[in-house]
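Read off the chains here:
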Amino acid sequence: MSNRKFEQELATGCQYEPLPSLPEAELGLPQPLLGGEGYEWAAIDNLDAFFTRVYRYWHDKGLTTILVGRLLNLTALAFTILFSGCLLLAVNWAALRSECLVPHDPHASCDILDVALHKQPWREHSGVLVALVALYLTLCGLYWLWSAVQLVVELRDVLEVKHFINNKLGISDRQIRSMTWSELLHRLVLVQRSSRLCAARDLDELDVVGRIMRKDNYLIGMLNAGVLGLYVRGCVLGLYVRGCGPVLGRRFMLTKTLEWNLFACVLDPMFDEHFHIRQDFLADEAKLKRRLVAAAGVNLLLSPFLLLFLVIYFFMKHAEKFYHSPGSLGSRRWSSLAKWRLREFNELPHYVQHRLDASYEAAVNYVGQFPSPMVSQVAKFVSFVAGSWAALLLGLSLLDENLLEVPLGGRNVVWWLALTGILLTVSRSFINDTPVAFDPERAMAQLVLHTHHLPRHWRGRAHSAEVQQAVSSMFGFKLALFLEELASVLLTPFILAYSLPRCAGAILQFVADTTTRVEGVGDVCSLAVFDFGRHGNSKYGAPAHAPAKRLRSKQGKMEKSFLTLAVTYPTWQPPAAGR
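All of these numbers come straight from a predicted model, not from anything done at the bench. (Residues numbered from 1 in each chain as written. Predicted model: local features only at pLDDT ≥ 70, side-chain atom pairs only at ≥ 80, totals over all residues. Heavy atoms only, no water.)

J.: Please clarify how the overall build of the chain should be interpreted in this entry.
T.: Looking only at helices and strands, the chain has 25 helices and 10 strands in total. Classification of the 579 residues of the chain by burial places 43% in the buried group. For the chain, long-range pairs separated by at least 24 residues make up 69% of all intrachain contacts whose partners lie at least 6 apart in sequence. Surface exposure of the chain reaches about 30,900 Å², of which carbon and sulfur atoms provide 62%. (Helix = DSSP H or I, 4+ residues; strand = E, 2+ residues; numbered from the N terminus. Buried < 20%, exposed > 50% of the residue type's maximum accessible area, 1.4 Å probe, protein only. Contact = heavy atoms within 4.5 Å. Areas by Shrake-Rupley, 256 points an atom, 1.4 Å probe, with all protein chains shown as cover.)

Right, here's the structure in full:
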């Protein structure tokens, strides 16, 4: 059912088409308002959470998909915890080299379960190791239990959202699978003609998205303004090394671990229950610093267990893929920091992901303009040596297939064939023999079409090493980004304890400078509501030019976000200043 038809039904009182899952009498359809008739009150206490659940319900494509996905995630988490505990305690790794497991006489073989598994694991290891593994399993088990409770608690909210979407918006779970978010959001805006969602006023597309992204918009603004010190300033294991800043300390990172801590320490405590900025939050810089330092201590205590879990999870998730496609180590993806820096105000996650996915080929083309001769030469040498050994071993196996089981340097020939095959595939992924027409400016122009990111010092300098390095740091190798995620588990406590407390004053000042109160919405980032008089930059087409340079968004992010929002939601009516 189209949005135009939906509007006509609201205006004329026509009935919706019957939903396949509900009888006509149970739809609870909105009726046109007559003279003197009041609104139907939806009585939603927390519109931020409600709109977020509506978005997630659409994104996950209905109740069945949500329940199946959550249950499978819980099952996978339980399997990971049990599997990791088995690897840490139950497996006798030394026994895996037992002679009976690799016999020359088939009749002398033994069962691997009898040899490689401890019968009483807690007695085979030291008490310290058993205690640490028990603590690890306890923490993981508590997290699994908390996730299971969250699923049960959120089920009621999901059912309420399902009822709202099915009955109020007239969209079944079957229809929602092929409906765009902008179409659903437009219906949500139109349904306010009969059902009042907000007591103050009717909300438009910007208000709804602004509520969903209330905290995200502040984080996007902070990154754009450069007020977050997401790096380690020469502080490694508590030692201040003055000269190591450019090597380690000045590499910015925003991994999932840091993201969780930023929300827990800064963005979540900012707001009260009425979605207003807490005045005590703005006035107490010392309290924010103490909260960051306390979070650093908690992260430091949990970091060994989290690091262990991530390594095991990564192995379980990617081992099969690496075995069949070793060349995937040479592929690239956008980093978490790049996703946040390239994200625009009021841009929901699936929209920014769509832009970055569309930019993949352009990004590969740009970084391919600067092949590394050194890496290519080393990869060719490794490929040549590995290929020669693989050819020799294959030739021997063709002469006599029994040679595959013959030991060679402590391993059989099959093992060496697998190793040389992996080296051959990985090295070939770093060899760039594809002819490239050197035109970095054109490649950058194609990339900017999707990323909307072109700092002033990049213009006309796409050929420079500085720009190439900046793009490569955002669009890095998958293996390097995973190692960065692991490193961030250990570095996050130092960032929280040293770098971010120094930015506490700047963070509070940014919140004070960029907060505005919108009727029916609450306190929001003024950059996200396109306050051109306060933040506009006429160089990027804004109708007004803000007198204070520090309040203007860098690289015209606010102006670009305005245009993106207008294109994404064509039914949205921009304010007069933006037209």
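J.: What is the right way to read unusual backbone geometry from this model?
T.: For residues that are not glycine, phi is negative in most cases, and the peptide bond is trans in most cases. Positioned with a positive phi, Asn346 is a non-glycine residue whose angle comes to about 65°. Topologically, Asn346 is positioned in the loop between helix 15 (336-342) and helix 16 (349-358). Even without a glycine there, the phi angle at His452 is positive, about 60°. In this structure, His452 sits in the loop between helix 20 (440-451) and helix 21 (465-474). With a relative accessible area of 27%, His452 lands in the partly exposed category.

J.: Mind showing me how you'd approach the pairing of strand 10 (residues 522-525) here?
T.: Successive residues of a regular strand alternate their side chains across the two faces of the sheet. Bridging between strand 9 (residues 515-518) and strand 10 involves four bridges; their strand directions are antiparallel. In the strand pairing of strand 10, Arg517 is matched with Asp523. With antiparallel pairing between neighbouring strands as the criterion, strand 9 and strand 10 make up a hairpin whose turn holds three residues, including Gly520 at a positive phi of roughly 85°. (Pairing = 2+ DSSP bridges.)

J.: I tried to follow the side chain of Ser561 on my own but got confused; where do I start?
T.: Positionally, Ser561 belongs in helix 25 (residues 557-568). Leaving out residues up to four positions away in the same chain, Ser561 has contacts with Glu344, Phe345 and Phe530.

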